[in-house]
Amino acid sequence: MMITGVKVTLILLAATTVTSLVLGTVIAIMRISRIKILRVLGTLYVEIFRNIPGLFWILFFYFVFPDLLPWGLGVKLNSYLYYPIVAGILGLTVDNASYVSDILRSGRLAIPHGQREAAISTGLSRVQQYLHVLLPQMFRITLPPLGTRMVHNFKNTSLCMAIAAPELTWATQNIESLTFRGIEATTIATLFYIFLAGIMVSMIILLEKWWKIDVSSISHSKA
Amino acid sequence: MIKFIGANKSFNNRLVLKNINLEIAKGEVIVICGPSGAGKSTLLRTINKLEPIDDGEIIVDGMYLSDPKTDLTALRAEIGMVFQHFNLYPHKTAIKNITLAPRKVRGLSRKEATERAEKLLEKVGLLHRRDAYPVQLSGGEQQRVAIARSLAMEPKIMLFDEPTSALDPELINEVLDVMVSLAKEGMTMVVVTHEIGFAQKVADRVVFMDNGEILEIGAPPDIFVNPRHPRTKEFMSSVFHIPVFNVNQEEDQDF
Ligand SMILES: Nc1ncnc2c1ncn2[C@@H]1O[C@H](COP(=O)(O)OP(=O)(O)OP(=O)(O)O)[C@@H](O)[C@H]1O
Ligand SMILES: [Mg+2]
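Note on numbering: residues in each chain are counted from 1, in written sequence order. Following the order in which they are written, the chains are lettered starting with A and the ligands numbered starting with 1. Residue-level local features of this predicted model are given only where pLDDT is at least 70; pairs of side-chain atoms are given and counted only at 80 or more, and the full residue set underlies all totals for whole chains, interfaces and linings. Side-chain measures here rest on the full set of heavy atoms in the structure, leaving out hydrogens and waters.

A. Main features of the overall build of chain B. Helix and strand definitions here come from DSSP, where helices need a minimum of 4 consecutive H or I residues and strands a minimum of 2 consecutive E residues; each element is numbered from the N-terminal end. For chain B, the helix and strand inventory stands at nine helices and ten strands. Atoms considered for the radius of gyration are the C-alpha atoms alone. The globule rule reads 2.2 Å times the number of residues to the power 0.38. Against the compact-globule benchmark of 18 Å for 255 residues, chain B has a radius of gyration of 19 Å, which places it among compact chains. Referenced to the eigenvectors of the C-alpha coordinate spread, the extents of chain B come out at roughly 65 × 45 × 30 Å. The buried label applies to any residue whose accessible area, calculated with a 1.4 Å probe on protein chains only, is under 20% of its type's maximum; exposed applies above 50%, and partly exposed to all values in between. Buried positions account for 55% of the 255 residues belonging to chain B.

B. Structural context of the site of ligand 1. Residue and element names in this part refer to chain B. For ligand 1, the set of nearby residues contains 13 residues, the closest of which are R14, S36, K40, S41 and T42. Counting of polar contacts relies on pairs of N or O atoms within 3.5 Å, with two restrictions inside protein: one atom must be capable of donating a hydrogen and the other of accepting it, and residues adjacent in sequence are counted only when both atoms are side-chain atoms. One of the side-chain N or O atoms of R14 is found 2.6 Å from an oxygen atom in ligand 1. At 3.3 Å, a side-chain N or O of E162 approaches an oxygen atom of ligand 1. Summarising the interface, the protein chains cover 63% of the accessible area of ligand 1, which totals 630 Å² for the free molecule. For this description, a residue counts as near a given molecule or strand if any of its non-hydrogen atoms is within 4 Å of it. Throughout, the Shrake-Rupley method with a 1.4 Å probe supplies accessible areas, and for residues the shown protein chains are the sole cover considered.

C. Local environment of a nonpolar patch on the surface. Residues and elements named next belong to chain A. The patches described consist of residues with a relative accessible area above 30% and no salt bridge, like charges being joined within 9 Å and nonpolar side chains (Val, Leu, Ile, Met, Phe, Trp, Tyr) within 5 Å. Any carboxyl oxygen of Asp or Glu within 4 Å of a side-chain nitrogen of Lys or Arg constitutes a salt bridge here. Together, I35, I37, L41, L44 and I48 line one region of the surface with nonpolar side chains, adding up to about 450 Å² of accessible area. Along the chain, L44 falls in helix α2 (residues 36-50). On the basis of relative accessibility, which here comes to 47%, the residue L44 falls in the partly exposed class.

D. Focus on the packing of helix α9 (residues 168-179) of chain A against helix α10 (residues 182-210) of chain A. Residue and element names in this part refer to chain A. Taken N-terminus to C-terminus, the directions of α9 and α10 make an angle of 165°; their axes are 8 Å apart at the nearest point. In terms of orientation, α9 lies roughly antiparallel with respect to α10. For the element pair α9 and α10, the recorded crossing hand is right-handed. Counting all contacts with α9, which are made through L168, T169, T172, I175 and E176, the residues of α10 involved are G182, A185, T186, A189, F192 and Y193. Looking at the contact of α9 with α10 residue by residue, the class counts come to six nonpolar, four polar and one charged. Working convention: axes come from line fits to C-alpha atoms, limited for helices to the stretch in contact. Angles between N-to-C directions cover 0 to 180 degrees. Working rule for angles: under 35 degrees goes down as roughly parallel, over 145 as roughly antiparallel, 65 to 115 as roughly perpendicular, anything else as oblique. Here is the rule for handedness: rotate from the far helix to the near one, and if that takes an anticlockwise turn smaller than a right angle the crossing is left-handed, while a clockwise turn gives right-handed. Any two residues having at least one pair of non-hydrogen atoms within 4.5 Å are treated as being in contact. Residue polarity is assigned by list, with Asp, Glu, Lys and Arg as charged and Ala, Val, Leu, Ile, Met, Phe, Trp, Tyr, Cys and Pro as nonpolar; anything else, Gly included, falls into the polar class.

E. Structural view of the interface of chain B and chain A. Contact residues are listed per partner, giving 24 residues for chain B and 22 residues for chain A. Taken together, both faces of the contact between chain B and chain A bury some 2100 Å²; the carbon and sulfur share is 63%. Note: buried area is the sum, over both parts, of the accessible area (probe 1.4 Å) each one loses when the two are combined. For chain B, the biggest contributors to the area lost against chain A are Y89, P90 and H91 of chain B; these three give 27% of the whole. With a shortest N-O distance of 2.8 Å, R45 of chain B and E117 of chain A are connected by a salt bridge. Put simply, chain B and chain A have six residue pairs in polar contact (both at pLDDT 80 or more) between them. Within the residue set of the side of chain B that touches chain A, elements represented by two or more residues are α2 (72-77), β6 (79-82) and α3 (94-104) of chain B. Across the side of chain B that touches chain A, the residue classes tally to 14 nonpolar, five polar and five charged.

F. View of the packing of aromatic side chains. All names here are of chain A. Each Phe, Tyr or Trp ring, with Trp reduced to its six-membered ring, pairs with another whose centre is within 6.5 Å; inter-plane angles below 30 degrees give stacked pairs, above 60 give edge-to-face pairs, and intermediate values give tilted ones. In the structure shown here, the tally under the stated rule is 13 aromatic pairs over all chains. Relative to W57, the ring of F56 has its centre 5.1 Å away and its plane inclined at 85°; by these criteria the two rings are edge-to-face. Residue classification places F56 among the partly exposed residues on the basis of a relative accessible area of 41%. Members of the aromatic cluster, joined through ring pairs, are Y45, F49, F56, W57, F60, F61 and F65. Counting as a charge over the ring demands two things of the Lys NZ or Arg CZ atom: a distance within 6 Å of the ring centre and an angle within 35 degrees of the ring normal. Across from the ring centre of Y99, 3.7 Å away, lies the NZ or CZ of R149, which sits over that ring.

G. Representation of the confidence of the model for chain A within the structure. pLDDT expresses how confident the predictor is about each individual residue, on a scale running from 0 to 100. Mean pLDDT for chain A: 90, with 95% of residues reaching 70 or above. Of the regions scoring below 50 in pLDDT, residues 219-223 of chain A engages in six contacts with residues more than four places distant in sequence or in other chains.

H. Quick look at the pattern of salt bridges. All names here are of chain A. In this structure the tally under the stated criterion is 21 salt bridges over all chains. The salt bridge partner of R31 is D102, with a shortest N-O separation of 2.7 Å. Placement of the pair is R31 in helix α1 (residues 2-31) and D102 in helix α5 (residues 83-110), with a sequence separation of 71 residues. Its relative accessible area of 11% is what places R31 among the buried residues. One salt-bridge network, held together by shared partners, links R31, E47, R50, D102 and R105.

I. The environment of W57 of chain A, seen in detail. Note on placement: W57 of chain A falls in helix α3 (residues 54-68). For W57 of chain A, the residues in contact, after removing those within four places along its chain, are I48, F49, I52, G91 and V94 of chain A.

J. Focus on the side chain of N87 of chain B. With respect to the helices and strands, the residue N87 of chain B is situated in the loop between β6 and α3. Among the polar contacts made by the side chain of N87 of chain B, one reaches the main-chain carbonyl oxygen of G114 of chain A at a distance of 3.2 Å. Discounting residues that sit within four places of it in the chain, N87 of chain B has contacts with G114, Q115 and A118 of chain A together with R149 of chain B.

K. Molecular detail of the confidence of the model for chain B. Residues and elements named next belong to chain B. Mean pLDDT for chain B: 92, with 94% of residues reaching 70 or above. Counting contacts from residues 249-255, a segment whose pLDDT is below 50, to residues more than four positions away or on other chains yields six contacts. The ipTM for the predicted assembly is 0.88, set against a pTM of 0.88.

Rendered as structure tokens:
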């Protein structure tokens, strides 16, 4: 059960890290876009998903979301063995993406105008400006808060116990109530969380080194 | 090559370019000077439409900038721009700064773009710094890489906006040298600068701007040494510390 717990937690972590980064990036780009309707939608997204607890969204995707779907699909989802995990991924993603987009947006604001002007004046298209000039810098500038956010998201995977997704915290709880070997289970879970968070932090530090860029250098030339 | 016809531009209802008429021939080197806020940068930035004008027309190499059908990417690919603060991409090495646009806009292969970039780095004397990040370069080196980055697009026109004014004095000449050799190769250049030596050496004409207007255009000695317009005189003597010497025939009694 502990092993399954670790597996499910890892799945939740891996899936939501990727999906929330992608969704968060899309929302961030919407919010800094020239097109007003995209900006409004992006802001609306952040205001809705950031201001309502992540746990609510997990419960929402588990209990409410299937009912909103066309009838057949909802029933199928409800009977799907792994639906708690899917609902957990959805809930964590929409929650975390709102923070990610906010962090990335602040990164965009920290890039001096000249960067885009240089890109424009060499003829790069808007998409190319984002891909090669703006986004790479947004991720570099915001790496520290983004990393913290991802560790936070990792801890939030434990919220999925509320919908009985068999992740580590749920497993620990279950072992305790079934076998009364809660102390051992809790110890293992604690060590695992610390260990994995440690790995995440080290990866972030490594990335920072690999990107070996003094972040302050990006905004040294405010014209 | 570049033609301004009655160009006007305002920011927040304030005219910053007033009825600009100017024609720049192929291969000409134009220096623009004038006090802060005169509109020099704005004028320069209208040439590649970083700033659109409100009315009038600008024609660059046969392209009408007011025409919505004008392909801006094609226009900008033909015009190199060098900025006061270099604006190198801090997350890319010198060589990658240079190869980005040729690869993405011109469609060069990585190999072709790298070869071209290495030639240009050699030309600006920085081949040995090809893998350095901008933070690891001095200001003068950064600006030379920025010039190479613009040249890599094989532009027909180069615009410079105070390319040396953010540099320590001892680094200015290495950048000016590159610009001088570029001018001698016949590049069409529009340069906002207060480097009088550079202007004397290579400028065909100097444009003096104040308050959004072109007040005077002439050969370098005419503008620097013997300006006609009172505002030009005032500016030259205050900024360049050039009192009105009168090396020329015309006697100027107010000195
Ligand atoms: N994006 C902008 N929004 C509003 N006003 C602007 C903008 N850019 C320039 N201006 C104003 O337009 C006028 C001309 O500015 P510009 O930068 O062209 O002057 P300049 O001659 O280049 O001055 P400097 O020597 O200080 O660089 C200034 O009064 C400036 O405040
Ligand atoms: Mg200026």
